[in-house]
Amino acid sequence: MSDKKEWPLWEVFIRGQHGMSHRHVGSLHASDNEMAMKNARDVYTRRNEGVSIWVVEAQHISASVPSEKGPMFDPAKDKVYRHPTFYELPDEAGNM
Amino acid sequence: MYAQMVKSTGKGVQALEEMSREERAFQERIDRGEKIEPKEWMPDAYRKNLIRQIGQHAHSEIVGQLPEGNWITRAPTLERKANLLAKVQDEAGHGLYLYCAAETLGVSRDELFEMLHSGKMKYSSIFNYPTLTWADMGAVGWLVDGAAIMNQVPLQRTSYGPYARAMVRICKEESFHQRQGFQIMMVMANGSKDQKRMAQDALNRFWGPALMMFGPSDKDSVHSAQSMAWKIKMNSNDELRQKFVDETVPQAEYLDLKVPDENLKWNEETGHYDFSQPDWDEFYDVLKGNGPCNHERLEARKKAWDEGAWVREAMMAHAEKKAAKKQAAE
């Protein structure tokens, strides 16, 4: 395997229906974006699963670090006042 | 089961108190039903076991295309041909989902292929049997995919996120495979005398190997306990095998075909069928490489890989050239 390079990894995102956002569905290997798109169609939409596909080379994705989950997400936990139920209103005010 | 005899690297199951702090926290997450995701901490043995299991599963999907591919050009009608093509294409897709899941554990696709080709990694013993007649396409879909589904459905709840998600996709697609197989059997079992004989012959040949797919009996399955604690194996081999027999026997009766087992009998007391164990000597022999088609299957894989090398390299060279051109133009 000396100078043979493996095809890069691509992440595949599919919009399942009109009006929905793209969702990550999996990954695949391809030499370039055109092939990634063709392979994504064949591998991930054989049964009408999508109306639109995005492919992104995996190395271009920045991900949060699992070990920093605490400092990253915990601060949001004690901010209950960001939710509507924090504010108690009388029934007289109606739906709000 | 597509992953038989996955060798475990663990030394048996440790009690929570014997574990390191990290291992204990990990086991407790699994016990709570949390999913483990790729970059998170995991014991080395968990990672290694999973690579073996998912790898073996992926290889089985890919090698599993060969016995059926054998009949694509000889399918009896255009409709059957389209059905079979779609099924074999699905198997390729299933292999790809699983390779992707294995890769998230830090092994590369090429490494996995090389381990298959060198014999370091296995695939399911079932694919080392030949598909001699068109009725075998029926028997494979009905019995082999049926056995696979039995194993894969519970694996949708496995502890490793990417593996579980691949299983969800696979299970969604797999039931068409079994149904198309059973329908082939229905047509043949209700066809001419010769067709019925072919259907019976296919059942005779695939029954034992299908039972072997679940792996050796629990009492001989040394690696199960740790895998079950880690939830990378959800049911015991014997439990799934029994379930398979209980579901399949009435289907054979419906087809008016005879399951080739003199000891097969409904047991009122247990509420299950009693049945004979398959020939385990044959199973171990096939795993060792001595099945009727081991050599042929592996050679076909290697040939495809080796003869495709120049294409893979050319595509990569083309992509690099194109990228350089684009950069120069900017």
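This is a predicted model, so every value here is computed, not measured.

Draft legend 1. Structural context of the pattern of salt bridges. Residue and element names in this part refer to chain B. This model, assessed by the stated rule, comprises 31 salt bridges over all chains. A salt bridge links Lys87 to Asp145, with the shortest nitrogen-to-oxygen separation between them at 3.0 Å. Here the residue Lys87 occupies a position in helix 4 (residues 78-103), and Asp145 occupies one in helix 6 (residues 135-155), the gap between them amounting to 58 residues. With relative accessibility at 1%, the residue Lys87 sits in the buried group. Judged by its relative accessible area of 1%, Asp145 is buried. Among the salt bridges present, the one from Glu307 reaches Lys303, with a minimum N-O distance of 4.0 Å. Of this pair, Glu307 and Lys303 are both found in helix 12 (residues 294-307), four residues apart, which corresponds to roughly one turn of the helix. As far as burial versus exposure is concerned, Glu307 and Lys303 are alike and both exposed.

Draft legend 2. Representation of the sheet that holds strand 1 (residues 9-15) of chain A within the structure. All names here are of chain A. The antiparallel open sheet is built from three strands, whose spatial order is 2-1-3. Each edge of the sheet is formed by a strand with only one pairing partner; in this case those strands are strand 2 (22-29) and strand 3 (52-57). Across the sheet, the mean angle from the axis of one strand to that of its neighbour is 25°, orientation sign disregarded. Relative to strand 2, strand 1 runs antiparallel, the two sharing seven bridges. If you follow Trp10 over to strand 2, its bridge partner there is Leu28.

Draft legend 3. Looking closely at the packing of aromatic side chains. All names here are of chain B. On inspection of all chains with the given rule, the structure shows 16 aromatic pairs over all chains. Between Tyr46 and Trp230 the ring centres are 5.6 Å apart and the planes differ by 90°, which places this aromatic pair in the edge-to-face class. Taken together, the positions of Tyr46 in helix 2 (residues 44-63) and Trp230 in the loop between helix 9 (224-229) and helix 10 (237-255) put the pair 184 residues apart, joining distant regions of the chain. The two residues Tyr46 and Trp230 agree in class, both being buried. Taking the centre distance of 5.7 Å and the plane angle of 65° together, the rings of Trp142 and Phe182 count as edge-to-face. One end of the pair, Trp142, is in helix 6; the other, Phe182, is in helix 7 (residues 161-189), and 40 residues separate them in sequence. Exposure class is identical for Trp142 and Phe182. Each is buried. Aromatic rings pair up to connect Phe26, Trp41, Tyr46 and Trp230 into one cluster. Directly above the ring of Trp71 sits Arg74, whose terminal nitrogen or CZ lies 4.2 Å from the centroid. Over the ring of Phe113 we find Arg301; its NZ or CZ atom is 5.5 Å from the centre of that ring.

Draft legend 4. Looking closely at the interface of chain A and chain B. At the interface, 24 residues of chain A touch 25 residues of chain B. Of the roughly 2,000 Å² buried between chain A and chain B, counting both surfaces, carbon and sulfur atoms make up 52%. Together, Glu6, Arg46 and Arg47 of chain A form the three largest contributors to the area buried by chain A at its contact with chain B, with a combined 26%. Where chain A meets chain B, there are nine salt bridges. Residue Asp32 of chain A pairs with Lys322 of chain B through a salt bridge whose shortest N-O separation is 2.9 Å.

Draft legend 5. Examining the pairing of strand 1 of chain A more closely. Residues and elements named next belong to chain A. Burial within strand 1 is extensive, with five of its seven residues counted as buried. Here strand 1 runs beside strand 3; their pairing, made up of six bridges, is antiparallel. Across the sheet, the residue bridging to Val12 is Val55, located in strand 3.

Draft legend 6. Quick peek at unusual backbone geometry. All names here are of chain B. You will see that Lys231, though not glycine, has its phi angle at about 55°, which is positive. With a relative accessible area of 24%, Lys231 lands in the partly exposed category. Its identity is not glycine, yet Asp256 carries a phi of approximately 60°, on the positive side. In this fold, Asp256 is placed in the loop between helix 10 and strand 1 (265-267).

Draft legend 7. Representation of the packing of helix 6 of chain B against helix 8 (residues 193-212) of chain B. All names here are of chain B. Close contact between helix 6 and helix 8 brings their axes to 9 Å; oriented N to C, the two are set at 30°. Considered as vectors, helix 6 and helix 8 are oriented roughly parallel to each other. Here the hand of the crossing between helix 6 and helix 8 comes out right-handed. Along its contact with helix 6, which presents Ala135, Asp136, Ala139, Val140, Trp142, Leu143, Val144 and Ala147, the element helix 8 presents Met198, Ala199, Ala202, Leu203, Arg205, Phe206, Trp207 and Ala210. Residues that form the contact of helix 6 with helix 8 fall into these classes: 14 nonpolar, no polar and two charged.

Draft legend 8. Structural detail: the confidence of the model for chain A. For chain A, the mean per-residue pLDDT works out to 92, and 96% of the residues sit at or above 70. Across chain A, the secondary-structure element scoring lowest on mean pLDDT is helix 2 (residues 69-73) of chain A, at 91, and the one scoring highest is strand 3 of chain A, at 98.

About the criteria used
- Residues numbered from 1 in each chain as written.
- Chains lettered and ligands numbered in written order.
- Predicted model: local features only at pLDDT ≥ 70, side-chain atom pairs only at ≥ 80, totals over all residues.
- Heavy atoms only, no water.
- Salt bridge = Lys/Arg side-chain N within 4 Å of Asp/Glu carboxyl O.
- Helix = DSSP H or I, 4+ residues; strand = E, 2+ residues; numbered from the N terminus.
- Buried < 20%, exposed > 50% of the residue type's maximum accessible area, 1.4 Å probe, protein only.
- Pairing = 2+ DSSP bridges.
- Axes fitted to C-alpha atoms, helices over the stretch in contact; angles between N-to-C directions.
- Phe/Tyr/Trp six-rings, centres within 6.5 Å; stacked < 30°, edge-to-face > 60°.
- Lys NZ or Arg CZ within 6 Å of the ring centre and 35° of its normal.
- Contact = heavy atoms within 4.5 Å.
- Buried area = accessible area lost by both parts, 1.4 Å probe.
- Parallel < 35°, antiparallel > 145°, perpendicular 65-115°, else oblique.
- Left-handed = near helix turned anticlockwise from the far one by under 90°.
- Nonpolar A, V, L, I, M, F, W, Y, C, P; charged D, E, K, R; others polar.
- pLDDT = per-residue confidence, 0-100.

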